[in-house]
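Remarks on the overall topology
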Amino acid sequence: MSKRIQVEVQGDHLDKVSKSSPLTAVTELVWNALDADANTVEVIVDSGDMGTYAIHVKDDGHGIDYDKASAYFKGLGGSWKSNNGLSPKGRFLHGKEGQGRFKSFSVGRVVEWITSYKSHDSQYFEYQIKGFSDDKKTFSLSDQKASSVARTGTKVSILEPIKEFTSLTDGRLTEHLTSTFATYLAAYKEVTLYVNGKRVDPSSIINHSETVELPKVLYEEREYDYELEIIEWNTTAKNQIQLCNHAGFPLLPLEKKVRGSAEFSFTAYLKSEHISELNRVGTLGLGEMEKSLQGPIDEAVKRIKDYLVRRKITRSSGQIEKWKSEKVYPYTSEVIGHVERAEKQMFDFLALNINDLMPEFDKSALQLKKFQLSLLKQIVASQPSDLHTILTEVLSLSEEKQKEFAELLKDASLSAIISATKIVADRLCFLAGLEEIIFNPDLKKVLKERSQLHKILEENTWVFGEQFSLSVSDKSFTKVLSKHLESKGIAILPDAPVKRLDESNGIVDLMLTRNIARNHPTEREHLIVELKAPKVKIGQTELSQIKSYAFAVADDERFTTLDTKWHFWIISSELDSYAKRELADDKQDRGILYNADGVTIWVKTWSELINECKHRHEFIRKQLDINVDSSDGLEFLRKHYADYTQGLELDEKSSVV
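Attention here is on the structure that accompanies the text. A quick note: this is a predicted structure, and the numbers were derived from the prediction, not measured.

**Considerations on the overall build of the protein**
- On a plain count of helices and strands, the protein comes out with 19 helices and 21 strands.
- Counting every position in the protein, which comprises 657 residues, the buried fraction comes to 49%.
- If you take every contact in the protein between residues at least 6 apart in sequence, the share linking residues at least 24 apart comes to 71%.

**Considerations on the packing of aromatic side chains**
- Evaluation of the coordinates by the stated rule reveals 26 aromatic pairs.
- Relative to Phe-139, the ring of Phe-105 has its centre 6.2 Å away and its plane inclined at 40°; by these criteria the two rings are tilted. Placement of the pair is Phe-105 in the loop between helix 3 (66-74) and strand 4 (108-118) and Phe-139 in strand 6 (residues 135-141), with a sequence separation of 34 residues.
- Under the relative-accessibility criterion, Phe-105 is labelled buried at 4%.
- When the ring of Tyr-219 is compared with that of Tyr-224, the centres are 6.5 Å apart and the planes differ by 50°; the resulting orientation is tilted.
- For Tyr-224, a relative accessible area of 6% translates into the label buried.
- Linked through ring pairs, Trp-31, Phe-92, Phe-181, Tyr-184, Tyr-188 and Phe-249 together constitute an aromatic cluster.
- Its end group placed over the ring of Tyr-331, Lys-377 keeps NZ or CZ at 4.6 Å from the ring centre.

**Here's the deal with the pattern of salt bridges**
- What the rule picks out here adds up to 26 salt bridges.
- A salt bridge links Lys-271 to Glu-227, with the nearest nitrogen and oxygen atoms 3.5 Å apart. Taken together, the residues Lys-271 in strand 15 (residues 266-271) and Glu-227 in strand 12 (residues 222-233) connect sequence positions 44 residues apart.
- Relative accessible area serves as the criterion here: at 9%, Lys-271 is assigned to the buried category.
- Measuring nitrogen to oxygen at the nearest pair gives 2.9 Å for the salt bridge that ties Lys-614 to Glu-435. Residue Lys-614 is found in helix 18 (residues 606-624), and its partner Glu-435 is found in helix 12 (residues 414-439); the two are separated by 179 residues along the sequence.
- You can call Glu-435 partly exposed: its relative accessible area is 27%.
- Linked through salt bridges whose partners overlap, the residues forming this network are Lys-322, Glu-326, Asp-362 and Lys-369.

**Description of the side chain of Thr-461**
- Turning to its location among the elements, Thr-461 is positioned in the loop between helix 14 (449-458) and strand 16 (469-476).
- Residue Thr-461 is classed as buried on the basis of its relative accessible area, which comes to 14%.
- Filtering out sequence-adjacent residues up to four positions away, Thr-461 remains in contact with Phe-468, Leu-470 and Leu-512.

**Focus on helix 5 (residues 273-281)**
- Considered for burial, the residues of helix 5 that qualify are His-274, Ile-275, Ser-276 and Leu-278.
- Packed against the buried residues of helix 5 are strand 11 (206-219), strand 12, strand 13 (240-244), strand 14 (250-254), strand 15 and helix 6 (291-315).
- The N-capping residue of helix 5, defined by a side-chain oxygen 3.0 Å from the backbone nitrogen of His-274, is Ser-272.
- Note on helix 5: the residue one or two positions beyond its end, Gly-282, has a positive phi of about 90°.

**Structural notes on the packing of helix 2 (residues 22-35) against helix 4 (residues 170-187)**
- Closest axis-to-axis distance for the helix 2/helix 4 pair is 11 Å, and the angle between their directions is 40°. The angle between the axes of helix 2 and helix 4 places the two elements in the oblique class. Two packed elements cross with a definite hand, and for helix 2 against helix 4 that hand is right-handed. Here Leu-23, Val-26, Thr-27, Val-30, Trp-31 and Leu-34 of helix 2 lie close against helix 4, whose contacting residues are Arg-172, Leu-173, His-176, Leu-177, Thr-180, Phe-181 and Tyr-184.
- Its residues assigned to classes, the contact of helix 2 with helix 4 comprises nine nonpolar, three polar and one charged.

**Description of the sheet that holds strand 11**
- Spatial strand order, 11-12-15-13-14: five strands in an open sheet with mixed pairing. Where the open sheet ends on each side, the last strands, each with one partner, are strand 11 and strand 14. The average angle at which neighbouring strand axes cross in this sheet is 20°, direction not considered.
- Pairing of strand 13 with strand 14, which is carried by four bridges, proceeds in the antiparallel orientation. Residue pairing across strands places Leu-243 opposite Leu-252, the latter belonging to strand 14.
- Taken strand by strand, helix 4 contacts strand 12, strand 13, strand 14 and strand 15, and its axis lies near 30° from that of strand 15.
- Across the face of the sheet, helix 6 comes into contact with strand 11, strand 12, strand 13, strand 14 and strand 15 while running at roughly 155° to strand 11.

**Comments concerning the environment of Trp-113**
- For Trp-113, the position within the fold is in strand 4.
- On the accessibility criterion, Trp-113 (5% relative accessible area) is buried.
- As for Trp-113 and Gln-128, which are separated by 15 residues in sequence, their C-alpha atoms are 5.5 Å apart.
- Setting aside residues no more than four positions away along its own chain, Trp-113 makes contact with Phe-73, Arg-101, Tyr-127, Gln-128, Ile-129, Phe-139, Thr-154, Lys-155 and Val-156.

**Some remarks on the side chain of Lys-136**
- Tracing the backbone shows Lys-136 in strand 6.
- With a relative accessible area of 16%, Lys-136 lands in the buried category.
- Setting aside residues no more than four positions away along its own chain, Lys-136 makes contact with Val-7, Leu-14, Asp-15, Ser-18, Phe-102 and Phe-105.

**Re the pairing of strand 6**
- Pairing of strand 1 (residues 3-6) with strand 6 involves four bridges; the strand directions are antiparallel. By the bridge assignment for strand 6, Gln-6 is matched with Thr-138.
- Here four bridges tie strand 5 (residues 124-132) to strand 6, and the two strands are oriented antiparallel to one another. Of the residues in strand 6, the one forming a bridge with Gly-131 is Phe-139.
- The antiparallel hairpin formed by strand 5 and strand 6 contains two residues in its connecting segment.

**Considering helix 2**
- Between the first and last C-alpha of helix 2 there are 20 Å, a value that for 14 residues agrees with the 20 Å anticipated at 1.5 Å per step.
- Counting buried residues in helix 2 gives 12 out of 14 residues, a clear majority hidden from the surface.
- Where the residues of helix 2 are buried, they touch strand 2 (40-48), strand 3 (51-59), strand 8 (153-161), helix 4, strand 9 (192-195) and strand 14.
- At the exit of helix 2 stands Asp-37, carrying a positive phi of roughly 65°.

**Focus on the pairing of strand 9**
- Pairing between strand 2 and strand 9: four bridges, direction parallel. Its bridge partner being in strand 9, Thr-40 is matched across the sheet by Thr-192.
- In this sheet, strand 10 (residues 198-199) lies alongside strand 9 in antiparallel orientation, the contact comprising two bridges. Bridge assignment links Val-195 to a residue of strand 10, and that residue is Lys-198.
- In this structure, the hairpin formed by strand 9 and strand 10 is closed by a connection of two residues, where Asn-196 is found at a positive phi of approximately 50°.

**Side note on unusual backbone geometry**
- For Glu-220, which is not glycine, the phi torsion reads 50° and is therefore positive.
- Looking at where Glu-220 falls in the secondary structure, it is placed in the loop between strand 11 and strand 12.

Rules and cut-offs
Residues numbered from 1 in each chain as written. Predicted model: local features only at pLDDT ≥ 70, side-chain atom pairs only at ≥ 80, totals over all residues. Heavy atoms only, no water. Helix = DSSP H or I, 4+ residues; strand = E, 2+ residues; numbered from the N terminus. Buried < 20%, exposed > 50% of the residue type's maximum accessible area, 1.4 Å probe, protein only. Contact = heavy atoms within 4.5 Å. Phe/Tyr/Trp six-rings, centres within 6.5 Å; stacked < 30°, edge-to-face > 60°. Lys NZ or Arg CZ within 6 Å of the ring centre and 35° of its normal. Salt bridge = Lys/Arg side-chain N within 4 Å of Asp/Glu carboxyl O. Polar contact = N/O pair within 3.5 Å; in protein donor to acceptor, adjacent residues only side chain to side chain. Axes fitted to C-alpha atoms, helices over the stretch in contact; angles between N-to-C directions. Parallel < 35°, antiparallel > 145°, perpendicular 65-115°, else oblique. Left-handed = near helix turned anticlockwise from the far one by under 90°. Nonpolar A, V, L, I, M, F, W, Y, C, P; charged D, E, K, R; others polar. Pairing = 2+ DSSP bridges. Expected span 1.5 Å × (residues − 1).

Right under this line is the structure:
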């Protein structure tokens, strides 16, 4: 005599839970089998002349204990799987909310479970559970009986398919299950999965794979590691990004397309315990709408695009070899260093795509082709973003093909690497040049404070911190007040000039500002920089000057709006004995002369400032293998700041050793 199991949830919720594609429905049944510690899982699709009439998922797992069946089937959540995240055999558990079984109703009208289990007294029993799509809230539970065979396991059958599903063909089903369970099958070698009698073997269809570490993520005051594994298949499987636990077992597929991936077949496994935690609290299903997932997903997509660029280059090596044999390929010697390698990768990617877009390109005269490829190399090396000239004027791409090429460039994030590399290299050259003109005994004698040093630094405020941007340069304190009020959203001109304590007008060298908008949208931070030529020592006069600026702010009520911090820096090469004594109370040796009422006065040397800048760029410099010396720096200043370096003898003979 059968019993009835009533699901304790609203019917409309069950309708939402049960919506699924056939491939996902079958996948959930396979996961249930694996969660039951099955060593062998078989997927069988019964088809005939009239099409598919049944789908079966059969396993040799531990089955479902009869006494617990009602509890398992009547509710969502609270499943046995949620206890510790591991099965009795110590395997990772995929599901825990009991929702997977309902997805079968999106494929067939009837779903039937025939399960065998071993009781506490070592007896084997079997029974049946059946459900119907038109009444998902009710399952029928048969009486149990002694099993005729001494083994455990479950066979789930989806019967009376609601329509013919083309995705359930051997090929499509095998490809999907291969990409989904590749990491699981690799981790648990004892597990075998079959589709219509043929074993699923991910290793046999892996074309290439790559694993990279991603930046850590801070979530609920805990830092989580992230890793991305990309497996490229030699099949036509659908490209997917799988959100996985730290071991790489998929918890949820991410519906996100990656441009430029049409000619590849891959699965990207985004792995982290953070993803497991989001799954536990129920927010993983939000995907990119979950704020803490946005960064990892964006970074994963960027890394996938980089991977595809490199793989395209590798797969097209024959074309590059052809250009080399024709002596039109512009890289005639081996590239050295990360910068050159990145540039060459970008060139290869662009050249190969131009070749694909323009079949006539490779048929053109060798001299013309050599010129065009050389020009492309020059543009990539100097300014990767400026490609419109070669596209329109040299290659004469049609508007339609230009748009197509523009889409490809969006995926070529290597251009961002080259641009970032160029920025770092330029900054290191700038610092080398700045160090030379400040510390070279001959140069610092003639270096002018306002017309040279000031002007050069005005265009390079990153030296004082990436977070600040220039507000005013070489202006009075009245202008500083105007800019301050403007940054606070107050469009009022000062009614009277701002005076120093001695009633004189102060002229500040540089004022920089940053908004701290993330958590405090009204908070502002200002930095006033007073530059001194390297030949000027900081002493009593210089300290009095910076104090007078700081105290003008502290004493003027128009500056003292809430949520504003003021930093005053005075910078030169050396401090005299007076300045050193003034800083004697700075126990932390940070160069703080005064700190009260939201105003801090800092005394800094050029060597401290330049070393801080070098330190900020050191990690990237090492990774990109960038090396510059004083001659590189001098040449950089001469080229980029010719108007401000007149009169300085910038030659290598006078370089600091």
